[in-house]
Amino acid sequence: MQEIDLKVKPHFVDIYKDGHPLISKESLEEYTKVTQEGIILNLYDTKNRFIAKGYHGLQNKGFGWILSYKKEESIDVTFFKKKIKQAIVHRKKYIEDKETTAYRLFNGEGDGIGGLTIDFFDGFYLLTWYSIGIYKQKTTILQALKESVTYKGIYQKKRFDSKGKYLDDSDDFVTGERAPKTITIQENGVHFAIYLDNGAMVGVFLDQKEVRKTIRDHYAKGKTLLNTFSYTGAFSVYGALGGATKTTSIDLAKRSLAKTKEQFELNSIDLDKQEIIVEDVFNYFKYAVRKKLLFDIVILDPPSFARSKKHTFSASKDYVNLLKEAIQITAKNGIIVASTNAANFSMMTFRDFIFRAFKELKSNYKVEESFSLPSDFKVHKKFPEGNYLKVVFIRKLK
Ligand code: SAH
């Protein structure tokens with residue numbers, strides 16, 4: 001791989017020395033000399049002392065990621081194997097857990113290589129490339145992975161677009177055995193159908209595993225549960241398994257009906273007690289208020305941004321209103337599970353959204369517990385922004 005030496009502007013040197021992993025173009029003198037993604041950037045201070053090396057890859061987040069603080073270290077198979085090995089050690093709990101056969105093995109900068117994640121699904125590995133820059137290392141990284149794990153097959157997703165949008169390849173298969181059409185994985189003993197080659201999303205979001213388990217083990221028993229933005233109904237499945245008397249799952253996407261049924265059936269859940277509705281949740285809220293419906297548990301897990309025929313939803317702008325809709329159809333002493341994966345605001349801001357929503361409705365609440373990313377979604381100490389997940393269990397008091 002080509003390399004280039006670059007000077008860091010004086011005011012930014014201490015930031016990199018302190019371990020900040022993201023490279024910004026503003027911090028570099030003559031960044032315009034870097035013309036190709038994938039190039040290794042050797043960063044020096046103004047006195048020509050080596051600081052760190054990284055690679056150039058364009059993501060919405062920045063210009064590239066730091067890889068090493070050792071001048072002599074080459075970015076090669078040995079380097080990637082070392083990172084993967086450390087990542088495996090960190091996932092010991094999940095690897096040994098007989099009831100969990102899916103987890104994130106490698107989480108980007110949290111594991112020392114920004115722009116790359118690797119998920120494990122019962123013997124199959126899924127690599128997600130977040131820039132052309134990191135994708136240029138594909139051959140090297142694949143070799144490192146193959147030498148580090150035993151695998152049935154390897155798949156990939158490309159998310160090169162600056163917003164991380166999925167690029168639809170006709171085939172996401174890379175090497176090894178092809179996965180069966182459906183892979184059935186377990187998470188905390190719950191079964192999920194996973195599709196590795198069917199668009200951007202594989203069927204379950206692994207970062208919510210602790211939240212789902214908490215709902216099953218501590219909240220669901222004897223309760224009615226409304227799951228909005230339900231996708232394949234993962235929260236509903238856990239709710240039903242935890243003894244919810246009824247679950248209602250709502251998603252706009254037509255695929256959600258069949259996919260949610262499939263997840264229920266995999267877990268031998270009685271479909272008669274589960275309702276699956278394909279509809280815009282904002283319409284459903286209006287209907288539910290009109291009908292004076294009340295639920296014991298309401299789950300809100302919207303995408304950070306979505307556009308439907310009638311609504312545009314942006315978590316940072318519209319979450320207060322979303323909460324206000326939910327509060328109106330939550331029973332007294334009921335629970336709202338408010339979740340967001342929006343990286344552009346903090347837990348503090350999210351807690352303020354909750355405060356405002358209840359205040360505006362003259363209602364009252366108590367926070368029972370909150371969650372961020374589970375340990376397999378390892379976060380870089382100097383890059384807390386990487387911990388995008390915010391989930392708050394709110395009890396509605398009046
Ligand atoms: N809660 C899900 C993940 C949600 S992904 C889980 O735990 O697996 C976001 C989902 O929101 C997508 O399935 C998308 O179809 C749905 N969605 C987006 N806008 C919507 C709207 N206005 N009404 C209903 N569903 C919506």
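Within any chain, residue numbers begin from 1 and follow the written order of that chain's sequence. Per-residue local features of the predicted model are confined to residues with pLDDT of at least 70, and side-chain atom pairs are confined, for both listing and counting, to 80 or more; whole-chain, interface and lining totals are unaffected and use all residues. Note that water and hydrogens are dropped before the side-chain values are worked out from all heavy atoms of the structure.

J.: Quick question: what am I supposed to make of the domain arrangement of the chain here?
T.: Much of the literature gives interface size as the accessible area that the parts lose upon coming together. Domain boundaries shown here were taken from an automatic or database domain assignment. Structurally, the chain comprises domain 1 (3–68), domain 2 (77–181) and domain 3 (205–396). Listed by partner, the interface residues are six residues for domain 1 and four residues for domain 3. Here domain 1 packs against domain 3, burying approximately 430 Å² in sum over the two surfaces, 69% of which is carbon and sulfur. Two parts placed together each lose some accessible area under a 1.4 Å probe, and adding up what both lose gives the buried area. Area buried by domain 1 at its contact with domain 3 is led by Asp-18, His-20 and Pro-21, which between them contribute 64% of it. One side-chain nitrogen of Lys or Arg within 4 Å of one carboxyl oxygen of Asp or Glu is enough to make a salt bridge. Between the two partners, domain 1 and domain 3, sit one salt bridge. Should any heavy atoms of two residues lie within 4.5 Å, those residues are considered in contact.

J.: Looking at this structure, I do not really get the nonpolar core. What am I missing?
T.: Nonpolar side chains in soluble globular proteins generally cluster together in the buried interior. Residues grouped as a nonpolar core are buried Ala, Val, Leu, Ile, Met, Phe, Trp, Tyr and Cys residues, joined through side-chain atoms within 4.5 Å. Only protein chains enter the accessibility calculation, which uses a 1.4 Å probe. A residue is then buried if its area is under 20% of the maximum for its type, exposed if over 50%, and partly exposed in between. Of all hydrophobic cores here, the largest spans 38 residues; its most connected members are Phe-121, Leu-196, Val-337 and Phe-393. Helix and strand definitions follow DSSP, with helices as H or I runs of at least four residues and strands as E runs of at least two, each counted in order from the N terminus. Considering every element that reaches this core, the biggest residue donor is helix H7 (residues 234–241), with five residues. Looking at which domains feed residues into this core, each of domain 2 (77–181) and domain 3 (205–396) gives three or more. Leu-226, Val-320, Ile-336 and Phe-358 belong to the second largest nonpolar core, which has 32 residues in total.

J.: Can you walk me through the site of the ligand in this structure?
T.: Nearness of a residue to a molecule or strand requires only that one of the residue's heavy atoms be within 4 Å of it. Surveying the vicinity of the ligand reveals 16 residues, the closest of which are Phe-229, Asp-251, Leu-252, Val-281 and Asp-301. Taking Asp-251, its side chain carries an N or O atom lying 2.6 Å from an oxygen atom of the ligand. In protein, a polar contact means a hydrogen-donor-capable atom and an acceptor-capable atom, both N or O and within 3.5 Å, with residues adjacent in sequence counting only if both atoms are side-chain atoms; elsewhere, any N or O pair within 3.5 Å suffices. Arg-255 is positioned such that a nitrogen or oxygen atom in its side chain is 3.3 Å from an oxygen atom of the ligand. Protein burial of the ligand: of its 580 Å² of free accessible surface, 91% is covered by the chains. When its residues are assigned to classes, the shell around the ligand shows 10 nonpolar, one polar and five charged. Only the protein chains shown count as covering a residue, and every accessible area follows the Shrake-Rupley method with a 1.4 Å probe. We call Asp, Glu, Lys and Arg charged. Ala, Val, Leu, Ile, Met, Phe, Trp, Tyr, Cys and Pro are nonpolar, and the rest, Gly among them, are polar.

J.: Just checking my understanding: could you explain the sheet that holds strand E3 (residues 40–44) for this structure?
T.: Through backbone hydrogen bonds, the strands of a sheet pair up, either in parallel or in antiparallel fashion. The five strands are arranged E1-E3-E4-E5-E2 in an open sheet whose pairing can be described as mixed. Looking at strand neighbours, the two that pair on one side only are strand E1 (3–7) and strand E2 (22–23), the edges of this open sheet. Should DSSP find at least two bridges between two strands, the strands are regarded as paired. Here five bridges tie strand E4 (residues 50–59) to strand E5 (residues 62–68), and the two strands are oriented antiparallel to one another. Within E5, the residue paired with His-56 across the bridge is Gly-64. Relative to E4, helix H1 (residues 10–17) is tilted by about 95°, and along the sheet it contacts E2, E3, E4 and E5. Whenever a helix is involved, its axis is fitted only over the stretch in contact; in every case the axis is a line through C-alpha atoms, and angles between N-to-C directions fall within 0 to 180 degrees.

J.: Where do I start with a positive patch on the surface in this structure?
T.: Together, Lys-254, Lys-286, Lys-309 and Lys-310 give the surface a local cluster of positive charge. Note on placement: Lys-254 falls in the loop between strand E14 (246–251) and helix H8 (255–266). Patches draw on residues past 30% relative accessible area with no salt bridge. Two like charges within 9 Å are joined, as are two nonpolar side chains (Val, Leu, Ile, Met, Phe, Trp, Tyr) within 5 Å. Counting rule for charge: Lys and Arg are taken as positive, Asp and Glu as negative, and neither His nor the chain ends is counted. Charge placement uses NZ in Lys and CZ in Arg. For Asp and Glu, CG and CD serve respectively.

J.: I keep staring at the packing of helix H9 (residues 281–290) against helix H10 (residues 315–328) and nothing clicks. Help me out?
T.: To describe two helices that pack against each other, one gives the angle between their axes and the distance between the axes. Put simply, H9 and H10 touch, their axes get as near as 9 Å, and they point 30° apart. Classified by the interaxial angle, the pair formed by H9 and H10 is roughly parallel. With respect to the hand of their crossing, H9 and H10 are arranged in left-handed fashion. Contacts between H9 and H10 involve Phe-282, Phe-285 and Val-289 from the first element and Leu-322, Glu-325, Ala-326 and Gln-328 from the second. Grouping the amino acids of the contact of H9 with H10 by side-chain chemistry returns five nonpolar, one polar and one charged. In this scheme, roughly parallel covers angles under 35 degrees and roughly antiparallel covers those over 145, while 65 to 115 is roughly perpendicular and the rest are oblique. Crossing handedness follows the turn of the near helix against the far one: under a right angle anticlockwise gives a left-handed crossing, and clockwise gives a right-handed one.

J.: I tried to follow the sheet that holds strand E9 (residues 153–158) on my own but got confused; where do I start?
T.: Spatial ordering of the open sheet is given by E6-E7-E8-E9-E10, a layout of five strands whose pairing is mixed. In this open sheet, the two strands that pair with only one neighbour each are strand E6 (102–107) and strand E10 (173–176). Going across the sheet, the axis of each strand differs from the next one's by a mean of 20°, ignoring polarity. In this structure, strand E7 (residues 116–121) lies alongside strand E8 (residues 124–129), joined through six bridges in antiparallel fashion.

J.: In this structure, what is going on with helix H2 (residues 77–90)? I would like to understand it.
T.: Each α-helix winds once per 3.6 residues, and so residues spaced three or four apart point in a common direction. Helix span, as expected, comes to 1.5 Å for every residue beyond the first. With 14 residues, H2 should reach 20 Å at 1.5 Å per residue; the first-to-last C-alpha distance of 20 Å fits that figure. Residues of H2 that are buried in the fold lie against E5, E6 and helix H5 (138–148).

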